[in-house]
Amino acid sequence: MAKYNQYIELRPGYESVVDEGSDERNPNLWQDYIVHEDMKLAIEKICESFRMEDLDKRRSFWIHGTYGTGKSYAAIVLKHLFTDAPQNNEEFFDRKERITPYKKKFMSIRNKGDGEFLVVWTSGCPDIVTGTQLMMEMEIQIRTALEERFGDAAYFGRNSLVEETKRIVNDEDINWESLFQSTVYHMSDYGTLENFRREVMEGDQKACSTVARICRDKGFAMFASVKNFENWIADIIVGNRLSDKGIIFIWDEFTDFVKKSGDDIVLQQLSEYCKQQPFYMFLIVHVDTSWVSAMGEETYERIMHRYHELEFHITEAAAYEMIGETIVPRKGMEENWRSKRKELVKEIIGEF
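What you see is a predicted model, and the numbers here were worked out from it, not measured in a lab. (Residues numbered from 1 in each chain as written. Predicted model: local features only at pLDDT ≥ 70, side-chain atom pairs only at ≥ 80, totals over all residues. Heavy atoms only, no water.)

> Sorry if this is basic, but what is going on with the packing of helix H2 (residues 37-50) against helix H3 (residues 71-83) here?
Packed helix pairs are characterised by how far apart their axes lie and by the angle those axes make with each other. In the contact formed by H2 and H3, the axes pass within 12 Å of each other and the chain directions differ by 40°. Our classification of the angle between H2 and H3 gives oblique. Both H2 and H3 take part in a crossing whose hand is right-handed. Contacts from Met39, Ile43, Ile46 and Phe50 in H2 reach Ala74, Val77, Leu78, Leu81 and Phe82 in H3. In terms of residue class, the contact of H2 with H3 is built from 9 nonpolar, no polar and no charged. (Axes fitted to C-alpha atoms, helices over the stretch in contact; angles between N-to-C directions. Helix = DSSP H or I, 4+ residues; strand = E, 2+ residues; numbered from the N terminus. Parallel < 35°, antiparallel > 145°, perpendicular 65-115°, else oblique. Left-handed = near helix turned anticlockwise from the far one by under 90°. Contact = heavy atoms within 4.5 Å. Nonpolar A, V, L, I, M, F, W, Y, C, P; charged D, E, K, R; others polar.)

What follows is the structure, encoded as C-alpha cells:
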C-alpha cells in the first residue's frame with residue numbers, strides 16, 4: 001500500500017515552533033507567514049496608531065492568546081515590516097491579499113521623514129517583578145540596540161541623566177573608590193573622589209557623562225522613576241534622530257511579569273507614553289485561564305484595555321491553510337502526486 005511520504009514531504013525549512021531563533025536561522029521565514037484576520041487587524045491598528053489618525057488610537061500593543069496561536073511568529077513579521085527594505089515590504093503586501101489594501105498607509109509610515117525605526121527585541125522576564133526592574137531591563141536592551149545600530153555614533157543620552165547621576169554617584173552599593181582608581185575613566189583628573197562627586201552634584205556635564213558611561217559599561221541600569229525614564233527616552237529619540245520614526249520595543253514571553261506584578265503602575269504609565277513620544281511597546285502574553293482567574297479577569301482586562309488589544313486565534317480555515325502551506329510534493333513526484341490527489345479527492349467526494 002502506498003504511503004503519503006512517497007509523494008509529499010514537509011517544506012524545507014519548516015519550523016514547528018517559531019521564535020527568535022527561527023528568525024536567526026532563516027531570515028526569510030517571515031515571508032512565508034500566512035496572513036489571517038488577526039494579522040489583518042494588527043496591521044489596521046498599527047496604521048491607526050502610527051499615523052495619528054486620532055489621539056485615542058495612538059496606543060501601544062497587547063498581543064495575547066493561548067499557546068500555539070502564532071503570536072511570536074506574528075511579532076517577527078512585524079519586526080521585519082519595520083526594518084526590512086521597503087521593497088521587501090511592498091512585495092509582502094502585494095502577495096498577501098488580506099492586507100494589500102493597507103499597503104499605502106503602512107508604507108507612508110515607513111517612508112515618513114529620514115532614518116529608520118529602532119526595533120528592540122527581547123524575550124522572557126522570569127526575574128523581573130517590579131516596575132523599576134522593568135525599566136532597568138528596557139534601558140539595557142535599548143542601549144544595546146542603539147550600539148548595534150549606530151556603533152560609535154550612538155547617542156546614549158545626556159541632559160536627562162543629570163538628576164539620576166546625582167543619585168547614583170552617592171549609591172553606597174557601588175564601589176566608587178575602586179572605580180576612581182581605574183585609569184579607564186580618568187576620574188583622577190578631579191583630584192579626589194569627593195571632588196568628582198561635587199562636580200556631579202553641581203551638574204557638570206563631563207562628570208555626569210562619566211557616571212552614565214560607567215553605568216553603561218558596568219551594566220548598572222538607571223532611572224528609578226518613570227518620569228526620568230521617559231525623559232531619557234525623549235532625549236535619545238532626539239539625539240539619535242529617531243523623531244520621524246521612533247522606537248518599537250517588542251517583548252516576547254512577557255507573561256511572567258503580568259502574572260507576578262498584575263496592574264503595575266509603571267506599566268500603566270508607559271502604556272500612555274506613545275501619545276507624547278514615538279515609543280511603542282508590543283507586549284506578547286500567553287493567556288491561560290488558571291493565572292488569569294487567579295489575578296482576576298477584571299484586572300487583566302483593565303490592563304490590556306490601555307493598549308490596542310490583539311487577540312490571536314487559530315481558526316479551522318487558518319489551520320488547514322497552514323497545513324497546506326507546509327506540505328510540498330517530493331522532487332520528481334509532482335505528476336504522480338497530482339494523479340494520486342485526484343484519486344483521493346474522488347474517494348472523499350464519493351463518500352458524500
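Next, the rest of the story.
> Even after reading the chapter, I still don't get the environment of Tyr102, so can you show me in this structure?
On the secondary structure map, Tyr102 appears in the loop between helix H4 (86-95) and helix H5 (103-110). Separated by 62 residues in sequence, Tyr102 and Lys40 have C-alpha atoms that sit 8.8 Å apart. When residues no more than four places from it in sequence are discounted, the contact partners of Tyr102 are Lys40, Ile43, Glu44, Cys47 and Phe93.

> I'm lost on the pattern of salt bridges in this one. Help?
Oppositely charged side chains can pair when the atoms bearing their charge come close. Tallied over the full model, the rule gives 8 salt bridges. The closest approach of N and O atoms between Lys45 and Glu48, which form a salt bridge, is 3.6 Å. Taken together, the positions of Lys45 and Glu48, both in helix H2 and 3 residues apart, correspond to about one turn of that helix. Close ionic contact of Glu194 with Arg197 constitutes a salt bridge, the shortest N to O distance being 3.0 Å. With Glu194 and Arg197 both in helix H9 (residues 193-201) and 3 residues apart, the pair spans about one turn of that helix. Arg197 gets classed as buried once you look at its relative accessible area, which sits at 18%. (Salt bridge = Lys/Arg side-chain N within 4 Å of Asp/Glu carboxyl O. Buried < 20%, exposed > 50% of the residue type's maximum accessible area, 1.4 Å probe, protein only.)

> Any chance you could explain unusual backbone geometry here in plain terms?
It is generally the case that most residues other than glycine have a negative phi and that most peptide bonds are trans. Even without glycine at this site, His186 takes up a positive phi of about 55°. With respect to the helices and strands, His186 occurs in the loop between helix H8 (176-181) and H9. Assessed through its relative accessible area of 48%, His186 is described here as partly exposed. We note that Arg241 has phi near 55°; this positive angle belongs to a residue other than glycine. Tracing the chain through its elements places Arg241 in the loop between helix H11 (226-239) and strand S4 (247-252). Judged by its relative accessible area of 71%, Arg241 falls in the exposed class.

> Quick question: what am I supposed to make of the nonpolar core here?
Formed by 43 residues in total, the largest nonpolar core has its most connected members in Trp62, Leu134, Phe254 and Tyr300. Ranked by residue count, the leading element in this core is H11, at 7 residues. Setting aside its immediate chain neighbours within four residues, Trp62 contacts Val258, Leu267, Leu283, Val285, Tyr300, Ile303, Met304, Tyr307, His308, Glu309 and Leu310. Counting 38 residues, the second-largest nonpolar core is a separate cluster that includes Ile43, Cys47, Ile63 and Phe117. (Core = buried A, V, L, I, M, F, W, Y, C linked by side-chain atoms within 4.5 Å.)

> So what exactly am I meant to see when it comes to the pairing of strand S6 (residues 308-311) here?
Where a strand is regular, its side chains alternate between the two sheet faces. Only one face of S6 is covered, namely the face carrying His308 and Leu310; the face carrying Glu309 and Glu311 is uncovered. In the sheet, strand S2 (residues 61-65) pairs with S6 via 4 bridges, with the strands oriented parallel. Residue pairing for S6: Trp62 is matched across the bridge by Glu309. (Pairing = 2+ DSSP bridges.)

> It is not clear to me how the packing of helix H6 (residues 131-150) against helix H13 (residues 265-272) should be interpreted in this structure. Could you clarify?
Across the interface, H6 lies against H13 with an axial gap of 8 Å and an inter-helix angle of 45°. Considering the angle they form, H6 stands oblique to H13. Across the interface between the two elements, Gly131, Leu134, Met135 and Met138 from H6 touch Val266, Leu267 and Leu270 from H13. The residue makeup of the contact of H6 with H13, split by class, is 6 nonpolar, 1 polar and no charged.

Interpretation in functional terms is not warranted from these geometric data alone.
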